[in-house]
Amino acid sequence: MASLTDKQGTGVAYQIPRNSLALLMVSQVVVILPLIVHISPWIVGVWAICGYWRTQVYRGRWGYAAGWVKTLMVIGSIVGIALSGYKSFSLEAATSLLVLAFSLKLVEMKNRRDAYLVIYLSYFLIATAFLFDQTIAVAAYELLAAVVVTAAMVGMNQLQTRVRPVASLWVAAGLIFQALPLTLVLFLLFPRVAPLWSIPLPSSVSTGISDRLTPGDVANLSQSDELAFRAVFDGEPPQQRDLYWRGLVYSEFAFGTWAIAEPLDPLPEQVDAPVGLSYEVFLEPTQSKWLFALDTPVSYAARLDLLADYRMVSPEPVLSVMRYRVTSDTGYLMDHELSPAMLARETQLWRDDNPRLREYARDLYARTGSVEGMIEAMHRRIREQDYSYTLSPPVLERVNSIDQFWFDTRRGFCTHYAGAMTYALRSVDIPARMVGGYQGGEFNPATGHLVVRQYDAHAWVEVWLPERGWTRYDPTAAVAPARIDRGLNAALSNEDRAALSFLASARMGEGGLVTGMLQFVDSLEHRWNLWVVGYDAAAQADVLKGMLGKVTPARIGIAMGIGGGASLLLVAAAILYRRRPQQRHPVERVFSGFCRAMARQGLPRQSGETPGAYVQRLAGRAQLDAEGLRTRLQALLYDPEATADRAARRQIRRELRKLRFMLAFRTAGNAS
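Our subject in this report is the structure included herewith. Since the model is a prediction, treat every value here as computed from it, not as a measurement.

On to the overall build of the protein. Summing up its helical and strand segments, the protein has 26 helices and 18 strands in all. By the burial criterion, 47% of the 672 residues in the protein qualify as buried. In the protein, the proportion of contacts linking residues at least 24 apart, taken out of those at least 6 apart, comes to 72%. Total accessible area on the protein stands at roughly 34300 Å², and carbon and sulfur atoms take up 59% of it.

Spelled out as structure tokens, the structure:
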């Protein structure tokens, strides 16, 4: 019959084992640690207070929090989140609220039911971490966190007197890894379906290139070695100088800042099968809808759009690594004719500023007599006069900023030169616009994919020419040709290069062994994105087609049945292998050998005779004092705390050999 305390849920059967309580506390630290960068520091302080409170309760120094105290803590937490600057409905706010609930539960955690609730919240927080980051390092860490949390659950089913946290960890690791084969089968074969709900976008995601661009912004961005995207080409990749990754088109200029204009309608899809350069892009999260592709995209996924200014966009912001395939035709003529609306859009100058550049452009166009001549004259001026390429350009005024750069400072980055040329062309009513994206990239020799980072950010000019359409001109090639041919590092001065971080310099190829290690890590991350993060419905369809031929629900069901059955058989085989007869205790092996030898001498061990009694009987026959041997043998065989190390086994073997020798001597003496 259960006791009264058991019925009330406060007896031993309902208490939290102390080893499980310790693992619960450790698991909370492990689970919360990767979320610290996404929540306010005061929330971590709340968890520390709650953890200390629960520790003091366990030690018997404090009592559980009263109801009014818990109410005040909940209200204070909600007010704290409201005052922390989060958006009303954001992933950070939701995560902060979940972590607070996770922490406050410690204060009232009394029995197993409360502990199980904390464990289930731990699993939920592990899944939440993947909403912020899906790299292979985070996946490995969260797998370890799942093992620790599962170990806490295992500890809930241990006896109060058996405190074995290490054993709980081993059991938990076994359970997790036994589930991996079936998880792999479901991951590969289970149909990818759209979610039933949407998740708020994390506001901490790096956005890279912005829809508003002030000269100097890209220079600051180019000091970052953060990954922008990776690309895999089907065949031979283009040369470095041809890798212009188009992203945004800036058609408006005011107060020293370029901005994208109102969005245009999508272009109609190509009817004929295009021929061009095919590749696949793995774009990092950007919080934005714009994508990156080489000129000019002529084939792409149906869910994507190519706007009338030839920039590719996604219907939804890029929340995680996005995988998309593109075919680009470098010879495609963009806009054989220009509509009046587009002509007005790409020639407008909203303010009557930069008068010196306007006058310079009109005079230059009159002298050269053509657009190409005017552009070449500007390039010649850049090459022959004291213009320089730098990551640390002088700060320009908002008004007449281009005048100040072109005639006074003459030190700038790609946006300075591209912006000045675009403005000059528009000053004489030539349609021109500035395009922002990335130029170049580094090929990883381990896997052959192209890595494009933020320091590859670039801007160039597009000019509309009759019979040629939109044509690319890059004034950066005039001031720093090495930037286009060999990458950013080749164009930097020693001063600019010294301002870069060690990792940025190493990624550019100046780190020797470190560069090789970074490339190896990047190759692992690329494979992870290729087969795990980027394994979407399209990738799954390709895999299933290769495995099954014709993809039908029946074949998928059969494949899932076979794969699931094979994974379960594998787990069953592993369990049976673990439960096979274990190798005997090393001291037991020594003693068994002694017993067999004595049986051959005519002194077998009797049925039911303990090792100690057997040794004592033989020692009496040999007239030896074997009390020490009997005590040590009994301890090594039956005491779990005794250590059967090599020295102890050697001593037991030596003493048993001595006893056997004395018995042989006595037997021989009696026979004579």
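Past the structure itself, the notes keep going.
So, about a positive patch on the surface. A cluster of like positive charges, contributed by Arg596, Arg600, Arg646, Arg650, Arg653, Arg654, Arg657 and Arg660, occupies part of the molecular surface. Elements supplying a minimum of two residues to the positive patch: helix 23 (586-600) and helix 26 (646-671). Considering each element in turn, the positive patch owes the most residues, six residues, to helix 26. For Arg650, the position within the fold is in helix 26.

Turning our eyes to something else, we now look at the sheet that holds strand 4 (residues 252-254). Spatially, 1-5-4 is the arrangement adopted by the three strands of the open sheet, whose pairing is antiparallel. The open sheet is flanked by strand 1 (212-213) and strand 4, the only strands paired with a single partner. Direction of pairing for strand 4 relative to strand 5 (residues 257-259): antiparallel, over a ladder of three bridges. Note that in strand 5 the partner of Phe253 across the bridge is Trp258. Against the sheet, helix 14 (residues 414-427) makes contact with strand 1, strand 4 and strand 5, and its axis sits at roughly 75° relative to strand 5, the strand it touches most.

On to empty space enclosed by the protein, then. Following the criterion strictly, the structure yields one cavity of 30 Å³ or more and no others. In this structure, the largest cavity spans a volume of roughly 50 Å³. Considering the residues around the largest cavity, the lining is formed by Pro215, Trp258, Leu396, Ser401, Ile402, Phe405, Thr415, His416, Gly419 and Ala420. Contributions of two or more residues to the lining of the largest cavity are made by helix 13 (401-409) and helix 14. A total of four residues in the lining of the largest cavity trace back to one element, the largest contributor, which is helix 14. Considering only residue class, the lining of the largest cavity consists of six nonpolar, four polar and no charged.

A word on the side chain of Ser122. On the secondary structure map, Ser122 appears in helix 6 (residues 112-129). In terms of polar contacts, Ser122 uses its side chain to reach the backbone carbonyl oxygen of Val118, at 2.9 Å. Apart from residues no more than four positions distant in its own chain, Ser122 is found in contact with Val31, Phe102 and Val149.

Turning our eyes to something else, we now look at the nonpolar core. Among the nonpolar cores identified, the biggest contains 82 residues, and Trp245, Tyr324, Leu425 and Val463 are the most heavily contacted of them. The leading source of residues in this core is helix 14, at eight residues. Among residues more than four places away in sequence, those in contact with Leu425 are Val371, Met374, Ile375, Ile430, Ala432, Val461 and Val463. One finds Val30, Val31, Phe102 and Leu106 within the second-largest nonpolar core, a separate group that totals 46 residues.

The next thing to look at is the sheet that holds strand 15 (residues 442-443). Taken together, the six strands give an open sheet; going across it, the order is 8-11-6-2-16-15, and neighbouring strands pair in antiparallel fashion. Only two strands of the sheet have a single neighbouring strand rather than two, namely strand 8 (297-300) and strand 15. The sheet strands contacting helix 20 (residues 513-533) are strand 2 (227-233), strand 6 (277-283), strand 11 (322-328) and strand 16 (450-453), and the helix crosses strand 2 at an angle near 75°.

Moving on, we get to the pattern of salt bridges. Evaluated as defined, the whole model comprises 26 salt bridges. Across the salt bridge formed by Asp363 and Arg367, the nearest N and O atoms sit 3.0 Å from each other. In this pair, Asp363 and Arg367 are both assigned in helix 11 (residues 355-368), four residues apart and thus about one turn of the helix distant. Residue classification places Arg367 among the exposed positions, given a relative accessible area of 56%.

What follows is about the environment of Arg555. Within the secondary structure layout, Arg555 lies in helix 22 (residues 553-578). Among the residues examined, Arg555 registers a relative accessible area of 39% and is labelled partly exposed. C-alpha separation for the pair Arg555 and Leu544, spaced 11 residues apart in sequence, amounts to 9.5 Å. Those residues in contact with Arg555 that lie beyond four places of it in its chain are Leu548, Gly549 and Lys550. In terms of polar contacts, Arg555 uses its side chain to reach the backbone carbonyl oxygen of Lys550, at 3.3 Å.

Calculation rules
Residues numbered from 1 in each chain as written. Predicted model: local features only at pLDDT ≥ 70, side-chain atom pairs only at ≥ 80, totals over all residues. Heavy atoms only, no water. Helix = DSSP H or I, 4+ residues; strand = E, 2+ residues; numbered from the N terminus. Buried < 20%, exposed > 50% of the residue type's maximum accessible area, 1.4 Å probe, protein only. Contact = heavy atoms within 4.5 Å. Areas by Shrake-Rupley, 256 points an atom, 1.4 Å probe, with all protein chains shown as cover. Patch = residues over 30% accessible without salt bridge, like charges linked within 9 Å, V, L, I, M, F, W, Y side chains within 5 Å. Salt bridge = Lys/Arg side-chain N within 4 Å of Asp/Glu carboxyl O. Lys, Arg positive; Asp, Glu negative; His and termini not counted. Charge placed at Lys NZ, Arg CZ, Asp CG, Glu CD. Pairing = 2+ DSSP bridges. Axes fitted to C-alpha atoms, helices over the stretch in contact; angles between N-to-C directions. 1 Å grid on protein atoms, 1.4 Å probe; cavity = no way out; pocket = protein on both sides within 12 Å on 5 of 7 lines; lining within 4 Å. Points joined across faces, edges and corners; volume = space filled by probe spheres on them. Nonpolar A, V, L, I, M, F, W, Y, C, P; charged D, E, K, R; others polar. Polar contact = N/O pair within 3.5 Å; in protein donor to acceptor, adjacent residues only side chain to side chain. Core = buried A, V, L, I, M, F, W, Y, C linked by side-chain atoms within 4.5 Å.

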